[in-house]
Amino acid sequence: MLFKSEGQKQLEALIDDLVRSHLRGAARNSPEGRAEICGQMAQLAEELLDAGKERAVRGARRYQSPLYLALPPHARSEMDRMVAQALS
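Cut-offs used in this document
Residues numbered from 1 in each chain as written. Predicted model: local features only at pLDDT ≥ 70, side-chain atom pairs only at ≥ 80, totals over all residues. Heavy atoms only, no water. Helix = DSSP H or I, 4+ residues; strand = E, 2+ residues; numbered from the N terminus. Rg over C-alpha atoms; globule rule 2.2 N^0.38 Å. Buried < 20%, exposed > 50% of the residue type's maximum accessible area, 1.4 Å probe, protein only. Arc of directions from axis to C-beta. Contact = heavy atoms within 4.5 Å.

Novice: So what about the overall build of the chain? Which residues, and what values?
Specialist: Along the backbone of the chain there are four helices and zero strands. From first element to last, N terminus to C terminus, the chain shows the α and β order α-α-α-α. Expected size for 88 residues packed as a compact globule is a radius of gyration near 12 Å; at 13 Å, the chain falls within 12% of this value. Expressed along its principal axes, the backbone C-alpha trace of the chain runs to roughly 35 × 30 × 20 Å. Put simply, the chain has 88 residues, and 36% of those count as buried.

Novice: Summarise helix α3 (residues 54-62); cite the residues concerned and give the values.
Specialist: Those residues of α3 that sit buried are Ala 56, Val 57, Gly 59 and Ala 60. When α3 is viewed along its axis, its buried side chains cluster within an angular range of 160 degrees and face the same direction. Residues Arg 55 and Arg 62 are exposed on α3 and point more than 90 degrees away from its buried face. Contact partners of the buried residues in α3: α1 (6-22) and α2 (31-50).

Here it is as structure tokens:
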């Protein structure tokens, strides 16, 4: 059974929020809203890395949201770029 840390779960929830932000009618469906999510992700990733929890960040980098395939191709590539940048 796979156990995830609380930090990894929080990062994955932010990734899900980012995917939802690309969907039509989403609450944060704007560049500013997506930038806010990425900022939260980067801050949490930095806190986890400072706490020595690299495994949580690595796990979140591999995470693929169930909604990801519903995105159009251009949104997928933008999302991939944003996640990679926030978790680097």
